[in-house]
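Residue strings, one per chain:
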Amino acid sequence: MYLKSLELLGFKSFAKKSVFDFTSKISGIVGPNGSGKSNVAESLRFVLGEQSIKSLRGKRGEDLIFNGSKTIPRSNRASVKILFDNTKRFLNIDFDEVAIERVVYRDGVNQYFINSSQVRLRDIAELLSSANIGSSGHHIISQGEADRILNANIKERKEMIEDALGLKVFQYKKQESQKKLQKTEDNISQVELLRKENAPHIRFLKKQVDKVEKSIIMRDELKKLSLEYLKRESEYISFTKKKTEKAQKAPQDELRTLEEKLQRAKEILSKSSKSDKKSDELITIEKKLTDIRTQKDTLIRELGQIEGEISGENRRIEKEKENQKIIENRTVNYNELNKVAEQVYSQISVAEEKNNISEIKNTLRSIGSIIKNFIAITFSKDKDTEIYYNEFENLKNKKTKIDKNLANILEDESLYNERYSILKTKIEAEKDNNREAEREIFSIMSHQSQLRATLDKFESIENDLIHKEQDFEMELQEATVLVGRAALDYDKYNLEESLEEIVNEGRQTQEDRRRKIEKIKIRLEEFGGGSGEETIKEYKEALMRDEFLENEIIDLEKSARALKDLIKNLEERLSIQFNDGIEKINKEFQNFFTLMFGGGEAGLSVIKEKKRKKSDINILSDMENNSEKTEEDEDEEEGIDIFISLPHKRTKGLVMLSGGERALTSIALLFAMSQVNPPPFLALDETDAALDEANSKRYGDMIENLSKYSQLILITHNRETMSRAGILYGVTIGSDGISKLLSIKFEEAVQVAK
Ligand code: ATP
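So, how was this worked out
- Residues numbered from 1 in each chain as written.
- Predicted model: local features only at pLDDT ≥ 70, side-chain atom pairs only at ≥ 80, totals over all residues.
- Heavy atoms only, no water.
- Helix = DSSP H or I, 4+ residues; strand = E, 2+ residues; numbered from the N terminus.
- Rg over C-alpha atoms; globule rule 2.2 N^0.38 Å.
- Contact = heavy atoms within 4.5 Å.
- Lys, Arg positive; Asp, Glu negative; His and termini not counted.
- Charge placed at Lys NZ, Arg CZ, Asp CG, Glu CD.
- Axes fitted to C-alpha atoms, helices over the stretch in contact; angles between N-to-C directions.
- Parallel < 35°, antiparallel > 145°, perpendicular 65-115°, else oblique.
- Nonpolar A, V, L, I, M, F, W, Y, C, P; charged D, E, K, R; others polar.
- Near = heavy atom within 4 Å.
- Polar contact = N/O pair within 3.5 Å; in protein donor to acceptor, adjacent residues only side chain to side chain.
- Areas by Shrake-Rupley, 256 points an atom, 1.4 Å probe, with all protein chains shown as cover.
- UniProt positions renumbered as here; feature names shortened; annotations may be inferred.
- Salt bridge = Lys/Arg side-chain N within 4 Å of Asp/Glu carboxyl O.
- Buried < 20%, exposed > 50% of the residue type's maximum accessible area, 1.4 Å probe, protein only.
- Pairing = 2+ DSSP bridges.

As named in an unreviewed UniProt entry, the protein is RecF/RecN/SMC N-terminal domain-containing protein, taken from Candidatus Campbellbacteria bacterium RIFCSPLOWO2_02_35_12.

Listed below in structure tokens is the structure:
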């Protein structure tokens with residue numbers, strides 16, 4: 001016996017705690033209509049995890065909770081607890097007693113407990129499925145549902161039978177495996193997608209890595225070439241530098257000497273600027289001489305003139321002296337004298353008449369003037385001889401002066417002439433010197449320009465070397481960047497040639513090397529900078545990840561295969577056990593059917609029906625239109641069909657059966673199922689309601705037989721059935737609307753049931 005007790009609290013009409021102790025193999029529950037018996041059967045379904053409230057005659061979870069009555073307030077929760085004896089471990093849990101409890105609250109929340117530990121519904125379902133008391137409820141037949149198995153469709157029927165055969169656990173496993181398989185396949189797809197997504201990146205990285213590897217080889221070559229190039233270049237530069245410095249020394253020295261010479265020559269020439277002063281002086285002297293000569297000429301001319309004048313004047317004086325002698329010896333004419341005597345007498349006569357002295361004096365003065373004028377006119381000279389003398393003296397003085405000036409001028413002339421000739425001689429001498437210096441300057445300068453041209457060449461070589469040095473520095477820097485610090489050790493690079501060979505090999509060869517280096521650099525740049533370590537690392541990581549994913553796929557595929565195998569295995573087991581079960585059920589079904597109907601035939605057959613995905617309406621319209629069905633619309637569905645053939649009747653098929661015949665057929669099938677794979681308990685709610693007396697007896701016999709394998713809880717009004725029960729519970733309901741429980745005797749039970 002597995003079922004120990006059932007405890008209801010707040011469940012439907014069982015407001016108060018009511019406990020059924022199932023101490024007998026057959027427990028009967030009796031009571032008047034509406035007392036709450038069916039609530040007991042429902043409480044069993046409820047506690048075992050029934051999810052359809054409708055099948056528990058409710059709309060909401062709340063409907064399962066005691067709703068209160070006039071005298072008793074409503075409950076807040078309904079709980080049902082079922083207690084199993086698990087000493088035989090029929091439940092796959094390591095407890096001797098297993099209490100399964102379910103609680104529902106008014107807000108519809110459900111709680112499940114196994115041995116007071118809260119669990120999930122799934123845990124309960126799994127636990128029970130192993131014990132053949134699955135959720136299809138084939139072992140709890142509610143009131144009026146005796147023929148449920150007959151009414152069910154082929155698929156539901158199959159499920160019920162699978163459940164009854166204890167195959168649900170395989171179904172669960174199968175479903176679980178299918179889910180796992182689905183998940184695994186999803187994972188495979190995801191991982192494959194990931195690999196697919198990663199593949200271009202890996203390909204890209206591979207290319208990059210190839211490039212990096214190539215670039216490593218090129219870098220090595222670049223390093224070797226760069227070191228050789230740098231070494232050669234540095235040797236060339238330092239050699240050429242020294243050579244140029246050395247070669248410049250002689251022309252530089254010579255240029256310096258020439259410069260000194262040039263300075264000297266220039267000094268000579270600069271002195272010639274002083275000779276210019278001499279020339280100026282010479283010109284001044286020349287001018288002076290010209291002046292002097294002009295003055296001299298003028299004086300000579302003046303002297304001639306004066307001397308002429310003097311001799312003329314001399315002649316005049318001599319002539320005057322002769323004229324004087326003539327005038328002094330002149331004879332006066334009487335008339336002239338008489339004229340004068342008359343003028344004098346007239347005046348004397350005038351004077352005689354005057355008394356005034358002053359007037360007489362004036363007359364006397366007039367007489368004197370008359371006489372003076374007479375003498376003057378009579379003995380007049382042409383010019384005064386004295387004037388001639390004066391003039392003569394004057395001219396003599398002038399001549400003396402001119403003579404003196406002339407003498408001075410002549411003296412000046414001779415002085416300047418002398419200075420002129422000295423200066424002239426000096427200038428001539430200097431001119432000779434300058435010409436020599438000029439010649440020298442010209443020669444120095446031409447030599448200098450030759451030397452400068454030579455030095456210019458050296459300078460351009462040096463400039464070229466400066467550029468080469470700058471280029472070298474840049475090349476060294478670049479090389480350091482590209483091949484690392486090793487480039488700085490170019491000097492240690494071993495060249496097998498001698499220095500002479502190195503510097504004389506010709507620049508073109510070195511230029512070719514440089515071009516080759518440049519080409520490699522360009523190619524390296526095309527390959528992208530950097531050492532590529534990151535790329536290689538990334539590539540390795542990507543490969544590792546891809547490998548990981550590949551292994552993952554292998555693992556997943558392995559587990560998918562294992563799951564498929566498992567599913568196949570389960571399906572095979574299911575199929576074998578199912579077919580085997582069907583065979584066994586058929587046997588028992590036939591037995592029970594024959595027992596019930598005294599003959600006839602009954603059996604189950606596995607059939608395949610085409611399942612339609614479209615709605616019934618569509619199916620109907622399809623049928624009406626007689627339209628062709630596409631393959632997509634159809635899917636085969638396996639199920640169980642029942643065939644029966646009543647004895648002495650020609651009726652075949654379930655639809656033709658009477659109510660009683662349906663009840664008997666379903667009981668026969670139910671019992672057959674229970675016989676083949678007995679559930680721990682069977683609850684039958686008025687399954688016997690439609691039976692007549694004779695059949696009630698047969699039913700009672702079958703029950704007793706069945707109770708050898710399963711514990712039975714029978715809700716019944718049937719006296720015969722009651723008589724087979726080892727323990728009877730009476731359920732009553734009072735005016736308070738609460739179902740009450742009482743353990744009663746058979747006789748009482750008959751009473752109570754009424
Ligand atoms: P019959 O013999 O006629 O089949 P029964 O004994 O099987 O009757 P049930 O159908 O189990 O009776 O019980 C029905 C009773 O339970 C009704 O009186 C109903 O009012 C009561 N009932 C159902 N749900 C609740 C509830 N949530 N709260 C209180 N009472 C309830």
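From this point, the narrative continues.
When its secondary structure is counted, the protein shows 16 helices and 14 strands. A compact globule built from 754 residues should have a C-alpha radius of gyration of about 27 Å, whereas the protein, at 83 Å, is more than 25% larger. By principal-axis analysis of the C-alpha atoms, the protein measures approximately 250 × 105 × 60 Å. Considering only intrachain contacts with a sequence separation of at least 6, the fraction spanning at least 24 residues in the protein is 75%. Averaging the positions of the 127 positive and the 137 negative side-chain charges in the protein gives two centres separated by 3 Å.

This next bit is on the packing of helix α4 (residues 154–164) against helix α11 (residues 533–597). Contact geometry of α4 with α11 gives a least axis separation of 10 Å together with a crossing angle of 90°. With respect to their mutual orientation, α4 and α11 come out roughly perpendicular. Facing α4, whose interface residues are K158, I161 and E162, α11 presents F578, I582 and I585. Of the residues that constitute the contact of α4 with α11, the class distribution is four nonpolar, no polar and two charged.

In the vicinity of the ligand, 18 residues are found, and the nearest of them are N33, G34, K37, S38 and N39. A distance of 2.7 Å separates an oxygen atom of the ligand from a polar side-chain atom of K37. Here the ligand has 640 Å² of accessible area as a free molecule, and 74% of this is covered by the chains. Classifying every residue of the shell around the ligand gives three nonpolar, 10 polar and five charged.

In the numbering adopted here, UniProt assigns the feature "coiled-coil region" (unreviewed entry) to residues 167–194, 303–354, 392–440 and 546–580. For residues 303–354, helix accounts for 88% and strand for 0%, while the C-alpha atoms at its two ends are 64 Å apart.

Charged atoms that come close allow side chains of opposite charge to pair. In this structure the tally under the stated criterion is 51 salt bridges. Close ionic contact of E233 with R507 constitutes a salt bridge, the shortest N to O distance being 2.9 Å. Note that E233 is positioned in helix α5 (residues 168–328) and R507 in helix α10 (residues 507–526), a separation of 274 residues in sequence. With a relative accessible area of 3%, E233 lands in the buried category.

Our next topic: the sheet that holds strand β1 (residues 3–9). Backbone hydrogen bonds are what pair the strands of a sheet, in a parallel or an antiparallel way. Across the sheet, six strands lie side by side as β2-β1-β4-β5-β6-β7; this open sheet has antiparallel pairing. Strands at the two margins of the open sheet, each flanked by one partner only, are β2 (18–21) and β7 (117–119). Neighbour-to-neighbour, the strand axes of this sheet turn through a mean angle of 20°, independent of strand direction. When strand β6 (residues 110–114) meets β7, the two strands line up antiparallel, connected through three bridges. In the sheet register, F113 faces β7, and the bridge partner there is Q118.

In this section: the sheet that holds strand β3 (residues 26–30). A sheet is described by the order of its strands in space; here six strands give the open sequence β8-β11-β12-β3-β13-β14, paired in mixed fashion. The open sheet is flanked by β8 (140–141) and β14 (739–744), the only strands paired with a single partner. Relative to strand β13 (residues 727–733), β3 is paired through four bridges, and the arrangement is parallel. Of the residues in β13, the one forming a bridge with S27 is I727. Running at roughly 145° to strand β11 (residues 681–685), helix α1 (residues 37–47) makes contact with β3, β8, β11, β12 (711–715) and β13 of the sheet.

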